[in-house]
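# Descriptive structure summary
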Amino acid sequence: MAFTLPKNSSMLSSKFTYGVATASFQIEGGIDNRAPCIWDTFCATEGKIIDGSDGSVACDHFHRWQDDVELIESLGVDAYRLSISWPRVMNEDGSVNQEGMAFYIQLLDRLNEKHIKVFVTLYHWDLPQYLEEQGGWLNRETAYKFQQYTTEVVKAFGERVYAYATLNEPFCSAYLGYEIGVHAPGIVGKEYGRKAAHHLLLAHGLAMQVLAKESPNTLNGIVLNFTPGYAASKSLADIKATEMANEYHNYWYAKPIFDGEYPALIDSLPKAHLPDIFEGDMAIISHEIDFLGVNFYTRAIYEADEQEGFKEVALPDVERTDIGWEVYPQAFTDLLIDLNTRYQPPAIYITENGASIDDEIEEGVVNDQRRISYYQRHLNAVHVAIESGVPVKGYFAWSLMDNFEWAEGYLKRFGIVYVDYQSQQRTIKQSGLAYRKLMTSRKN
Ligand code: IFM
């Protein structure tokens, strides 16, 4: 089985970057060697993680990283996207945890030896618990702590990195973590989400200042997730509600970065829900970026709601992945064209795309045809966007391997490599083999 793309597709060129992605908390384990993070605390809170699991072992990547680099190499990728665990490299007193930093340096060195480009994400949700105790992302000071952490990482990593993303999916950190509370730290209240978002965006801008100055040779940017909203009907009310939802969930993060202002919706939100925006904040947030990382999985359908303005509804009888997300690749093309039209980003990398499927391993084979079909259609969707002029330069499959899927624990598998959590054995799925074929068959 192989993925196919039209013969003349720029995605068949070796200049197009293909990779696999992971995140620290989801794969590392090795918790005795770092300070606790908000996800350790959240996992330890009864009822927060569906299967009652945690990240203490995960894929045990902290101890198995050498084999994992071999695995990554064996897939034939150009690039590996990983995240740095902030509580592994920074102590509470602001000093560097040298052992933690050394862990990443050896990993980066090995990837460099193998000519695998390293895409580093500085924050993929594992905030040090000691910072949460000071208010976490509700505390403006956390943004400045992030800037200091970025400075230390950049100094330590030197020339080893190809691209830095400041944050992964600030929507999830702010909305899921501080507004509806289904992610760590589990805070609930409309008065918190936008405040956390503002401090996250400020942290991004402050880190961009450091990256632009101290690491001018890397591509520096941010990773945002988008779940484009579509109206449930042609009624004006549903269309307006959908615009509102898109501003609240999607453009809330992109517009400040590109345009230096929040979406117009900000004017109709209650004052108590708004962040304190200091003079100069929006200029910091809209620091020029070299690339926008786009994470895409699905779309959402909205209808008007008298109380909330908009309400998400579920379409009956549509194809869904195991996590319940609709498979709708057209939204991927639409999104990429829309982002390009609105903001003209200098470059876009698809930093995550993939499917959760209830895989089974039989005689050493994981025949994940539904995931293969998902990837095939989404690769095509990216191709169509490129043909329409969107500057997509690379694509990362989420994920390298099955891992800790946040509030879903280990029940949802997104990997192109199967992980047996008992033995920690890794098995490349059929989707992984198809991806390898696509990458290794490129000619020029
Ligand atoms: O596993 C997550 C990842 O950490 C962030 N983006 C979405 C993925 C699937 O839910």
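Residues numbered from 1 in each chain as written. Predicted model: local features only at pLDDT ≥ 70, side-chain atom pairs only at ≥ 80, totals over all residues. Heavy atoms only, no water.

Now for the site of the ligand. Gln-26, His-124, Trp-125, Asn-168, Glu-169, Tyr-297, Trp-325, Glu-352, Trp-398, Glu-405, Trp-406 and Phe-414 make up every residue found near the ligand. Contacts to the ligand include Glu-169, whose side-chain N or O atom sits 2.8 Å from a nitrogen atom. Taking Trp-406, its side chain carries an N or O atom lying 2.8 Å from an oxygen atom of the ligand. Alone, the ligand offers 280 Å² of accessible surface; in the complex the protein occludes 95% of this. Here the shell around the ligand is composed, by residue class, of six nonpolar, three polar and three charged. (Near = heavy atom within 4 Å. Polar contact = N/O pair within 3.5 Å; in protein donor to acceptor, adjacent residues only side chain to side chain. Areas by Shrake-Rupley, 256 points an atom, 1.4 Å probe, with all protein chains shown as cover. Nonpolar A, V, L, I, M, F, W, Y, C, P; charged D, E, K, R; others polar.)

Next up on the list: the pattern of salt bridges. Between side chains of opposite charge, a pair can form when the charged atoms approach closely. Across all of its chains, the model carries 28 salt bridges by this definition. When the shortest N-O distance is used, the salt bridge between Arg-140 and Asp-281 registers 2.9 Å. In this pair, Arg-140 sits in the loop between helix H6 (129–132) and helix H7 (141–157) while Asp-281 sits in helix H11 (residues 281–285), placing the two residues 141 residues apart along the sequence. For Arg-140, a relative accessible area of 16% translates into the label buried. A salt bridge links Asp-368 to Arg-371, with the shortest nitrogen-to-oxygen separation between them at 2.7 Å. Of the residues examined, Arg-371 reaches a relative accessible area of 0% and is grouped as buried. What you see here is one network of salt bridges that share partners, running through Asp-359, Asp-368, Arg-371, Asp-402, Arg-413 and Lys-429. (Salt bridge = Lys/Arg side-chain N within 4 Å of Asp/Glu carboxyl O. Helix = DSSP H or I, 4+ residues; strand = E, 2+ residues; numbered from the N terminus. Buried < 20%, exposed > 50% of the residue type's maximum accessible area, 1.4 Å probe, protein only.)

Another point: the sheet that holds strand S9 (residues 309–313). The three strands are arranged S6-S8-S9 in an open sheet whose pairing can be described as mixed. Looking at which strands have only one partner, the edges of the open sheet turn out to be strand S6 (229–231) and S9. Between one strand and the next, the sheet's axes are offset by a mean angle of 50 degrees, whatever the strand orientation. Strand direction decides the pairing type here: strand S8 (residues 300–305) and S9, joined by five bridges, are antiparallel. By the bridge assignment, Asp-305 is partnered in S9 with Gly-309. Across the face of the sheet, helix H10 (residues 236–259) comes into contact with S6, S8 and S9 while running at roughly 120 degrees to S8. (Pairing = 2+ DSSP bridges. Axes fitted to C-alpha atoms, helices over the stretch in contact; angles between N-to-C directions. Contact = heavy atoms within 4.5 Å.)

Our next topic: the sheet that holds strand S10 (residues 348–352). As summarised here, the arrangement of the eight strands in space is S1-S2-S3-S4-S5-S7-S10-S11, forming a closed barrel in which the pairing is parallel. Strand-to-strand, the axes of this sheet are offset by a mean angle of 25 degrees, without reference to chain direction. Bridge count between strand S1 (residues 17–21) and strand S11 (residues 392–398): five bridges; the pairing is parallel. Its bridge partner lying in S11, Val-20 is registered against Ala-397. This element, helix H12 (residues 330–343), spans strand S5 (219–226), strand S7 (291–296), S10 and S11 of the sheet and lies at about 155 degrees to S7.

Cis geometry marks the peptide bond from Ala-184 to Pro-185; its omega dihedral reads 5 degrees. Within the secondary structure, Pro-185 sits in the loop between helix H8 (170–178) and helix H9 (190–214). Here the bond from Trp-398 into Ser-399 is cis, since omega is 15 degrees, no more than 30 degrees from zero. Even without glycine at this site, Asp-60 takes up a positive phi of about 55 degrees. Tracing the backbone through its elements, the reader meets Asp-60 in the loop between helix H2 (38–43) and helix H3 (61–74).

These figures capture arrangement, not role.
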